[in-house]
Amino acid sequence: MSKDRIFIGIGSTVLALRVADGQEIWRQRLATFRGNDVTGVALLGDRLYANCSGELYCMDPGTGHIHWKNALKGLGMGYIALEVTEALVDLGLAVDLVKPRAGLLPWLHRELAKPVRELLEQRGVGLYDGYRVDRISADGDRLTVHAGDLALSADLVIAAIGVTPCAQLAEAAGLELSVGGSIATDRTLRTSDPEIFAAGDCADSYHLVTGAKTWIPLALRANRAGWAVADNVCGGRVELPGVAGTAVFKVFDMQVARTGLSLAEARAAGFDPVEVQ
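Residues numbered from 1 in each chain as written. Predicted model: local features only at pLDDT ≥ 70, side-chain atom pairs only at ≥ 80, totals over all residues. Heavy atoms only, no water.

Visitor: Please explain the packing of aromatic side chains as it appears in this structure.
Guide: The description of two aromatic rings rests on the distance between their centres and on the angle between their planes. Under the counting rule described, the total for this entry stands at five aromatic pairs. Seen in terms of ring centroids, Tyr-79 and Phe-249 are 5.1 Å apart; in terms of plane orientation they differ by 50°. Their pairing is tilted. One end of the pair, Tyr-79, is in helix α1 (residues 79-90); the other, Phe-249, is in strand β17 (residues 247-251), with 170 residues separating them in the sequence. Relative accessible area serves as the criterion here: at 3%, Phe-249 is assigned to the buried category. Summarising the aromatic geometry, the rings of Tyr-128 and Tyr-131 are spaced 6.1 Å apart at their centres and angled 75° between planes, so their arrangement reads as edge-to-face. On the basis of relative accessible area, Tyr-131 is assigned to the partly exposed category, the value being 29%. In this arrangement the basic side chain of Arg-187 is found over the ring face of Tyr-206, its NZ or CZ atom lying 3.9 Å from the centre. (Phe/Tyr/Trp six-rings, centres within 6.5 Å; stacked < 30°, edge-to-face > 60°. Helix = DSSP H or I, 4+ residues; strand = E, 2+ residues; numbered from the N terminus. Buried < 20%, exposed > 50% of the residue type's maximum accessible area, 1.4 Å probe, protein only. Lys NZ or Arg CZ within 6 Å of the ring centre and 35° of its normal.)

Visitor: Would you explain the state of the cysteines in this entry?
Guide: By definition, a disulfide is the covalent link that joins the sulfur atoms of two cysteine residues. Taken as a whole and assessed by the stated rule, the structure comprises zero disulfides. Here Cys-234 stays unpaired: no disulfide links it, and the sulfur of Cys-202, its closest cysteine neighbor, is 19 Å away. Judged by its relative accessible area of 69%, Cys-234 is exposed. (Disulfide = S-S within 2.5 Å.)

Visitor: Explanation requested: unusual backbone geometry in the structure shown.
Guide: Among all residues save glycine, negative phi is the norm, and among peptide bonds the norm is trans. Unlike most non-glycine residues, Leu-105 shows phi in positive territory, near 50°. Turning to its location among the elements, Leu-105 is positioned in the loop between β9 (95-99) and α2 (110-122). In this structure Leu-105 comes out as buried when scored by relative accessible area, which is 1%. Backbone geometry at Phe-252 places phi at a positive 55°, although glycine is not the residue there. Mapped onto the secondary structure, Phe-252 falls in the loop between β17 and β18 (254-258). Its relative accessible area of 2% is what places Phe-252 among the buried residues.

Visitor: What's the story with the pattern of salt bridges in this structure? I'm lost.
Guide: Where charged atoms from two side chains of opposite charge approach closely, those side chains can pair. Overall, the coordinates contain eleven salt bridges when judged by the stated rule. The partner of Arg-237 in a salt bridge is Glu-239, and the shortest N-O contact between them spans 2.8 Å. The class of Glu-239 is partly exposed, set by a relative accessible area of 44%. Through salt bridges with shared partners, one network takes in Arg-117, Glu-121 and Asp-129. (Salt bridge = Lys/Arg side-chain N within 4 Å of Asp/Glu carboxyl O.)

Visitor: I would appreciate a short explanation of the sheet that holds strand β1 (residues 5-10) in the present structure.
Guide: Across a sheet, paired strands are connected by hydrogen bonds in the backbone, their directions being either parallel or antiparallel. One open sheet accounts for three strands, arranged β1-β2-β3; its pairing is antiparallel. Sheet topology places β1 and β3 (24-29) at the edges, where each strand pairs with a single neighbour. Strand after strand, the sheet turns through a mean of 15° between neighbouring axes, direction not considered. Alignment of β1 against strand β2 (residues 13-18), held across six bridges, turns out to be antiparallel. Across the sheet, residue Gly-9 finds its bridge partner in β2, namely Val-14. (Pairing = 2+ DSSP bridges. Axes fitted to C-alpha atoms, helices over the stretch in contact; angles between N-to-C directions.)

Visitor: What should I look at first to understand the sheet that holds strand β11 (residues 135-139) in this one?
Guide: Reading across from one edge, β11-β12-β13 is the order of the three strands in this open sheet, with antiparallel pairing throughout. The sheet is open, and its two edges are formed by β11 and β13 (150-154), each paired on a single side. With direction set aside, neighbouring strand axes in the sheet form an average angle of 25°. Alignment of β11 against strand β12 (residues 142-147), held across five bridges, turns out to be antiparallel. What sits directly across from Arg-135, in β12, is His-146.

Have a look at this one:
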């Protein structure tokens, strides 16, 4: 809403109405109405943005003229990328996902990952796994993701490409590092220097199944480690037994979860696992 007008989306059409008396100033149809289109609008500075039928539109709030329209692209297909994808698709935006490694959710058995992939495709999400992004170029308000012979045009690129431990300070201080470059800690979260503790996604932990050191950057473990450090610094003695690698996330109407070891992880750890389908 501006000082003298309000913008609303009805079906696949955006209207500008005069605040004083509700009279129509202009209307702009964005797409052919399909019976279930929902158009959202937002005024940012001197541009009006609207989403409809999987496209993002940039408009002139004074006249309704469409400056450009395009879809959204995302890099990565992990927990965060899929949750963001759901939110964007629910807003009516078109989303493509790109990642270098082939396969959706590689830690999930292929037969379990299959319905997740099918659900994403049913919702119109473009899946481009096995494409390593070379560069992202800009041309005016447009962006292009270049990945080999693949070129995807977008208005917005969201990078959800995972994390690495932020352990540079610990390394510079001479502390011992562990799995994946994380900070090595004991079960009380004490580092190789007994006067220094480490907690959160920068620190390692013990796997409950294997007993070996592991690095699994998830919120619940990070929070528990922070509480334990606080207790230990204040004179208590709290030990964390470890993690089972449990992760749960939602993709549209589907709940996806894992815990423990995958078949490949179990074999790598020296177990003789049996697979049942």
